Amino acid sequence: MKELFKSNIDSIVPYEPGRPIEEIQRELGLNRVIKLASNENPLGPSPKAVRAMRQAIREMHLYPDGAAYYLKERLTKEFSLTPKQLVIGNGSNEIIELLARGFLVDGDQVISSEKTFLVYPLISQVCGATFVTVPMKGYSYDLAGIAAKINGRTKLIFIANPNNPTGTYVSFREVENFLAKVPERVLICFDEAYIDFADAKDFPNALNYIKAGMKNVISLRTFSKAQGLAGLRIGYGIVSEEISAYLDKVRQPFNVNRMAQIAACAALDDKTFRLKTKRLVSRGKKYLYEQLDKLGLEYVPSQANFVLIDVKLDAKKVFQEMLKEGVIVRAMTAYDLASHIRVTIGMREELEEFLRVLELVLKRLGKR
Ligand SMILES: Cc1ncc(COP(=O)(O)O)c(C=O)c1O
């Protein structure tokens, strides 16, 4: 059997998602478990999306619209684009995959930063490409370093902005300098999954470059975060018309399910919910920073809905001990951050419980 396996795929270390609440409850016999591990929306799904889904239940015997006509129309209005500049995916993760499957051949080079979203190397490797990681400057992407790595085999560059798991961002100025150095034959994918939470004044928006006609620039967005629809799996890419038409040939005809399309349309109309989410995240971060300062713990200021914390101990141990107390966070060991945990901004009570348990666990492990 083993001889059937492709070595580039067989050598992959699978992506480890945040552990589900139900699994932890079962395993540890806990009644109450708080999950602050997957950067989900603590407020639940957009209420408008919930209402639209309730009404749509009776249509679920029908296949979805493979062209996602209404959703594209709705997004077109939102961003002043044409429907042909959009590609809709089963989560923005699927669009990462479509890009890799559509463009990469054996021996191509994909460049990104170290300590960034692990799906980029994983999918690049599946497609036979070499994934080049550029060291960070502090906790941030080094765009100049990435530009310096471009060679004749480079096809695709991934830039998570804000970045997961560090929460840092690349500024408008950095992006302008970078774009001036990248040849047109190289695709630059700005993964803007967390853009709704970014509030830095010099935060760039890749959409503007696409609108200005830069055909090699791609922006990825998702409904999983600010709209609270992670379970439905729906995201989109804003791309040039040529790329959209090309990726249409790569994707499955019904890649995005009917319920997800309906919920996404409704969620786009739910400005109140988006605002509420943003406010909650922004206040939650402020509270968390204050409390972490009091505890004397180092963290990385974040433009996203999570915060990276240096616990100065084996993060896996801290994760395990916190789990026993019913709080799920993420140890960032797989990202080469052996003493860091990442915590999603939850409700105020959840953050209070997180802090209580973190302090308890750090004491237990002899840290304070
Ligand atoms: C940087 C980044 N991009 C994309 C995604 C995936 O989003 P989606 O749920 O749309 O597939 C995530 C999710 O955690 C992420 O952190």
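Residues numbered from 1 in each chain as written. Predicted model: local features only at pLDDT ≥ 70, side-chain atom pairs only at ≥ 80, totals over all residues. Heavy atoms only, no water.

The protein carries the name Histidinol-phosphate aminotransferase in an unreviewed UniProt entry, which gives Candidatus Danuiimicrobium aquiferis as its organism. Of the comments in the UniProt record for the protein, the one headed Catalytic activity (unreviewed entry) reads "L-histidinol phosphate + 2-oxoglutarate = 3-(imidazol-4-yl)-2-oxopropyl phosphate + L-glutamate". On record in UniProt, under Subunit (unreviewed entry), the comment for the protein is "Homodimer." (UniProt positions renumbered as here; feature names shortened; annotations may be inferred.)

(A) Quick look at the packing of aromatic side chains. For the structure shown, the criterion picks out ten aromatic pairs. The interplanar angle of 40° and the centroid separation of 6.2 Å between the aromatic rings of Phe79 and Tyr236 together place this pair among those described as tilted. With Phe79 in helix α4 (residues 69-79) and Tyr236 in strand β8 (residues 235-238), this pair connects stretches of sequence that are 157 residues apart. Side by side, Phe79 and Tyr236 carry an identical accessibility label, which is buried. Counting every residue linked through ring pairs, the aromatic cluster contains Phe79, Phe223 and Tyr236. When the ring centre of Phe306 is taken as origin, the NZ or CZ atom of Arg342, which lies over that ring, is 5.5 Å away. The lysine or arginine in question, Arg348, covers the ring of Tyr287, its NZ or CZ lying 3.7 Å from the ring centre. (Phe/Tyr/Trp six-rings, centres within 6.5 Å; stacked < 30°, edge-to-face > 60°. Helix = DSSP H or I, 4+ residues; strand = E, 2+ residues; numbered from the N terminus. Buried < 20%, exposed > 50% of the residue type's maximum accessible area, 1.4 Å probe, protein only. Lys NZ or Arg CZ within 6 Å of the ring centre and 35° of its normal.)

(B) Region of interest: the site of the ligand. Every residue lining the ligand is accounted for by Gly91, Ser92, Asn93, Phe117, Asn164, Asp191, Ala193, Tyr194, Thr222, Ser224, Lys225 and Arg233. In the model, an oxygen atom of the ligand is placed 3.1 Å from a nitrogen or oxygen of the Lys225 side chain. Relative to its unbound accessible area of 400 Å², the ligand is 93% covered by the protein chains. (Near = heavy atom within 4 Å. Polar contact = N/O pair within 3.5 Å; in protein donor to acceptor, adjacent residues only side chain to side chain. Areas by Shrake-Rupley, 256 points an atom, 1.4 Å probe, with all protein chains shown as cover.)

(C) Representation of the environment of Gly167 within the structure. Take Gly167: it is sitting in the loop between β5 (154-160) and α8 (172-179). Classification of Gly167 as buried rests on a relative accessible area of 0%. Considering only alpha carbons, one finds Gly167 and Ser140, 27 residues apart in sequence, at a separation of 8.6 Å. Residues in contact with Gly167, not counting those within four places in the same chain, are Pro162, Pro301, Ser302, Gln303, Ala304 and Phe306. (Contact = heavy atoms within 4.5 Å.)

(D) The arrangement of the sheet that holds strand β12 (residues 330-331) in detail. Strand order in the open sheet made by the four strands is β9-β10-β13-β12, with antiparallel pairing throughout. This sheet does not close on itself; its edge strands, each paired only once, are β9 (298-300) and β12. Two strands pair when backbone bridges link them, and strand β10 (residues 306-310) and strand β13 (residues 340-344) are joined in this way by five bridges, in the antiparallel orientation. Bridge pairing links Leu308 to Arg342 in β13. Contacts from helix α13 (residues 315-324) reach β12 and β13, with the element oriented near 40° to β13. (Pairing = 2+ DSSP bridges. Axes fitted to C-alpha atoms, helices over the stretch in contact; angles between N-to-C directions.)

(E) Here's a closer look at the sheet that holds strand β7 (residues 217-222). Taken in spatial order, the seven strands line up as β2-β8-β7-β6-β5-β3-β4 in an open sheet, and their pairing is mixed. Edge positions in the open sheet fall to β2 (86-89) and β4 (130-134), since each of these has one partner strand only. With direction set aside, neighbouring strand axes in the sheet form an average angle of 20°.

(F) Region of interest: the side chain of Asn164. Along the chain, Asn164 falls in the loop between β5 and α8. We classify Asn164 as buried; its relative accessible area is 5%. Within the structure, Asn164 has its side chain in polar contact with the side chain of Arg342 (distance 2.7 Å). Excluding residues that lie within four positions of it along the chain, Asn164 makes contacts with Asn39, Lys115, Thr116, Phe117, Tyr194, Phe306, Tyr335 and Arg342.

(G) Quick look at the nonpolar core. Of all hydrophobic cores here, the largest spans 79 residues; its most connected members are Leu71, Leu75, Tyr141, Ile157, Ile159, Phe178 and Phe223. Per-element accounting of this core gives the leading share, seven residues, to helix α11 (residues 258-269). A domain split of this core shows at least three residues from each of domain 1 (17-39 + 272-364) and domain 2 (47-270). Non-local contacts of Leu75, meaning those with residues more than four positions away in its chain, are made with Leu86, Ile88, Phe223, Tyr236 and Leu268. (Core = buried A, V, L, I, M, F, W, Y, C linked by side-chain atoms within 4.5 Å. Domains from an automatic or database assignment.)

(H) Region of the structure containing the UniProt feature "modified residue: N6-(pyridoxal phosphate)lysine" (unreviewed entry) in the protein. Listed under "modified residue: N6-(pyridoxal phosphate)lysine" (unreviewed entry) in the UniProt record, and renumbered for this structure, are Lys225. Relative to the assigned elements, Lys225 resides in the loop between β7 and β8. Among the residues examined, Lys225 registers a relative accessible area of 12% and is labelled buried. Apart from residues no more than four positions distant in its own chain, Lys225 is found in contact with Ser38, Asn39, Asn41, Ala193, Tyr194 and Phe197. Polar contacts involving the side chain of Lys225 include one to the main-chain carbonyl oxygen of Ser38, which spans 3.5 Å.

(I) Representation of empty space enclosed by the protein within the structure. Summed over all chains, the structure comprises one cavity of 30 Å³ or more. The volume enclosed by the largest cavity comes to roughly 70 Å³. Considering the residues around the largest cavity, the lining is formed by 14 residues, among which Gly66, Lys72, Ile88, Arg251 and Asn255 are closest to the centre. For the lining of the largest cavity, the secondary structure elements donating two or more residues are β2 and α10 (241-250). Ranked by residues supplied to the lining of the largest cavity, first place goes to β2 with three residues. Of the residues assigned to the lining of the largest cavity, the class counts are six nonpolar, four polar and four charged. (1 Å grid on protein atoms, 1.4 Å probe; cavity = no way out; pocket = protein on both sides within 12 Å on 5 of 7 lines; lining within 4 Å. Points joined across faces, edges and corners; volume = space filled by probe spheres on them. Nonpolar A, V, L, I, M, F, W, Y, C, P; charged D, E, K, R; others polar.)

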